[in-house]
Amino acid sequence: MKKIITVKLFAITALLLFGCESYDQDDYREYIVVEGYAIAEQPLPDIRLSTTAPADAEYSFEDNFIRNAIVLVTLLDENGEPEEVFEYAESTEEPGIYTALIQSYQVEELRTYKLDIVFNDRDDQISATTTVPDQVDVVNEIPESVVYQSENQLEIVLAEPQQTGDQNIFVFNTISLEPAIDNLTPFYLSIIEDEEDVDINEYVRNSSGLINEGNFDPLPDGNILLRFPWIGVAFYGENLVVTLSVDKNLSDVIRSQDVQLGGSTLSPGEIPNLLYNIEGGIGVFGSLSADTIQTRFNRPF
């Protein structure tokens with residue numbers, strides 16, 4: 001089930017598009033926003049280009065997209081030299097979204113890709129690089145069902161991955177196949193109790209947040225053991241659990257986003273900006289790999 005992948009672990013778009021820096025509106029500076037996610041063993045990613053909006057203006061991609069850009073993605077060799085260049089073209093149906101002309105090529109794990117963007121009608125130049133994490137491969141037998149919050153926590157064993165940075169960083173995404181109010185687990189049921197207009201679709205896809213080396217166990221055979229956190233289960237019933245390995249660019253954005261969204265005791269004046277690894281703009285050009293398993297989370301006896 002490796003092809004079932006969701007990138008909705010990054011609720012970053014709104015934060016990317018509005019100013020996260022402390023500045024007077026009289027000093028507002030427009031930034032170019034880049035968004036693209038390269039996924040191992042998938043076609044080259046679409047690249048979304050837009051501009052930021054002032055804090056007092058409502059943002060929509062349709063009102064802020066950038067047209068007529070020249071977009072290139074280059075596969076680099078081990079010496080950082082160009083090995084293959086992929087040209088992009090703007091979608092005729094979705095302005096501001098750029099698609100690779102070659103769709104047969106698949107992103108390779110453990111390889112580095114460089115994004116370059118120039119414009120016909122502005123002087124800005126954008127560049128960014130990402131090194132794709134090793135392919136995630138779940139190798140243990142997954143139980144057909146697990147009792148929610150029991151002692152038998154769902155365990156996921158991954159084949160020994162090669163590192164592309166200081167450490168491997170993972171995220172779990174859970175996708176409910178039986179979303180219903182009656183199936184909400186206690187924590188998420190408590191969240192919606194006081195809500196008048198409940199949209200359970202907001203909880204169909206759930207993210208665990210970052211899981212670094214301190215949260216998994218190395219096994220004697222070199223594989224690693226991850227224990228799925230119960231907070232990731234929003235609904236009882238059948239669920240897909242996607243294990244993702246994310247690159248430094250994505251982990252930096254997610255980690256700094258957690259602070260922006262209140263996951264810190266810092267006062268407002270001390271909250272740092274989101275971490276962007278984009279030269280000449282903001283946003284994210286990152287990469288990931290993923291594998292997917294399915295199991296059923298049963299109610300406690």
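The preceding data block contains the structure.
The present account deals with the structure reproduced in this document. (Residues numbered from 1 in each chain as written. Predicted model: local features only at pLDDT ≥ 70, side-chain atom pairs only at ≥ 80, totals over all residues. Heavy atoms only, no water.)

Bringing the overall build of the protein chain into the picture now. For the protein chain, the helix and strand inventory stands at four helices and 15 strands. For the protein chain, the residues scored as buried account for 46% of the 301 residues in total. Excluding contacts between residues fewer than 6 apart, the proportion of contacts in the protein chain whose partners are at least 24 apart in sequence is 73%. Approximately 15,400 Å² of the protein chain is accessible, and the part contributed by carbon and sulfur atoms is 44%. (Helix = DSSP H or I, 4+ residues; strand = E, 2+ residues; numbered from the N terminus. Buried < 20%, exposed > 50% of the residue type's maximum accessible area, 1.4 Å probe, protein only. Contact = heavy atoms within 4.5 Å. Areas by Shrake-Rupley, 256 points an atom, 1.4 Å probe, with all protein chains shown as cover.)

The next point concerns the packing of aromatic side chains. Inspection of every chain in the model, using the stated rule, returns ten aromatic pairs. Ring centres of Phe-172 and Phe-228 lie 5.3 Å apart, and the angle between their planes is 70°; this geometry places the pair in the edge-to-face category. Residue Phe-172 is found in strand β10 (residues 169-176), and its partner Phe-228 is found in the loop between β13 (224-227) and β14 (237-246); the two are separated by 56 residues along the sequence. The residues Phe-172 and Phe-228 share a single accessibility class, namely buried. (Phe/Tyr/Trp six-rings, centres within 6.5 Å; stacked < 30°, edge-to-face > 60°.)

Burial of strand β2 (residues 47-51) is extensive: four of the five residues sit out of reach of the surface. As paired strands, strand β1 (residues 32-39) and β2 are joined by four bridges and run antiparallel to one another. When the sheet's bridge partners are listed, Glu-35 is paired in β2 with Arg-48. Summarising the sheet, β2 and strand β5 (residues 97-100) pair through two bridges and their orientation is antiparallel. Along β5, the bridge assignment pairs Arg-48 with Ile-97. (Pairing = 2+ DSSP bridges.)

Right, let's talk about unusual backbone geometry for a bit. Of note in this structure, Asn-68 is not a glycine but carries a positive phi near 60°. Among the secondary structure elements, Asn-68 is positioned in the loop between α2 (61-64) and β3 (69-76). Asn-68 gets classed as partly exposed once you look at its relative accessible area, which sits at 44%. A positive phi angle, close to 65°, is found at Leu-110, a residue other than glycine. With respect to the helices and strands, Leu-110 occurs in the loop between β5 and β6 (112-119). According to the relative accessible area criterion, Leu-110 is partly exposed, its value standing at 30%.

Now for the sheet that holds β13. Read from one edge of the open sheet, three strands run β9-β13-β12, paired in antiparallel fashion. Looking at which strands have only one partner, the edges of the open sheet turn out to be β9 (155-158) and β12 (216-218). Sheet twist, expressed as the mean angle between neighbouring strand axes with direction ignored, is 25°. By the bridge criterion, three bridges tie β12 to β13 in an arrangement that is antiparallel. Within β13, the position partnered with Phe-216 by the bridge is Leu-226. (Axes fitted to C-alpha atoms, helices over the stretch in contact; angles between N-to-C directions.)

What follows is about a nonpolar patch on the surface. Where nonpolar side chains cluster on the molecular surface, the patch consists of Ile-181, Leu-189 and Val-198 and spans about 210 Å² of accessible area. Among the structural elements, Ile-181 can be located in the loop between β10 and α3 (186-192). Ile-181 sits in the partly exposed class, given a relative accessible area of 45%. (Patch = residues over 30% accessible without salt bridge, like charges linked within 9 Å, V, L, I, M, F, W, Y side chains within 5 Å. Salt bridge = Lys/Arg side-chain N within 4 Å of Asp/Glu carboxyl O.)

Turning our attention to a negative patch on the surface. On the surface, Glu-193, Asp-194, Glu-195, Glu-196, Asp-197, Asp-199 and Glu-202 cluster together into a negatively charged patch. Examined against the element boundaries, Asp-197 turns out to sit in the loop between α3 and β11 (205-211). Taking the relative accessible area as the measure of exposure, Asp-197 reaches 72% and is therefore exposed. (Lys, Arg positive; Asp, Glu negative; His and termini not counted. Charge placed at Lys NZ, Arg CZ, Asp CG, Glu CD.)

Let us look at the pattern of salt bridges. Applying the stated rule across the entire model yields twelve salt bridges. Among the ionic pairs, Arg-48 bridges to Glu-35, the shortest N-O distance being 3.8 Å. Taken together, the residues span a long stretch of sequence, with Arg-48 in strand β2 and Glu-35 in strand β1 at a distance of 13 residues. A residue is classified by how much of its surface remains accessible, and Glu-35, at 13% relative accessible area, is buried. Here Arg-227 ties to Asp-217 by a salt bridge, and the two come within 2.3 Å at their closest N and O atoms. With Arg-227 in strand β13 and Asp-217 in strand β12, this residue pair connects regions lying ten residues apart in the sequence. Assessed through its relative accessible area of 37%, Arg-227 is described here as partly exposed. Under the relative-accessibility criterion, Asp-217 is labelled partly exposed at 31%. If you follow the salt bridges from partner to partner, you end up with Glu-30, Arg-122 and Asp-124 in one network.

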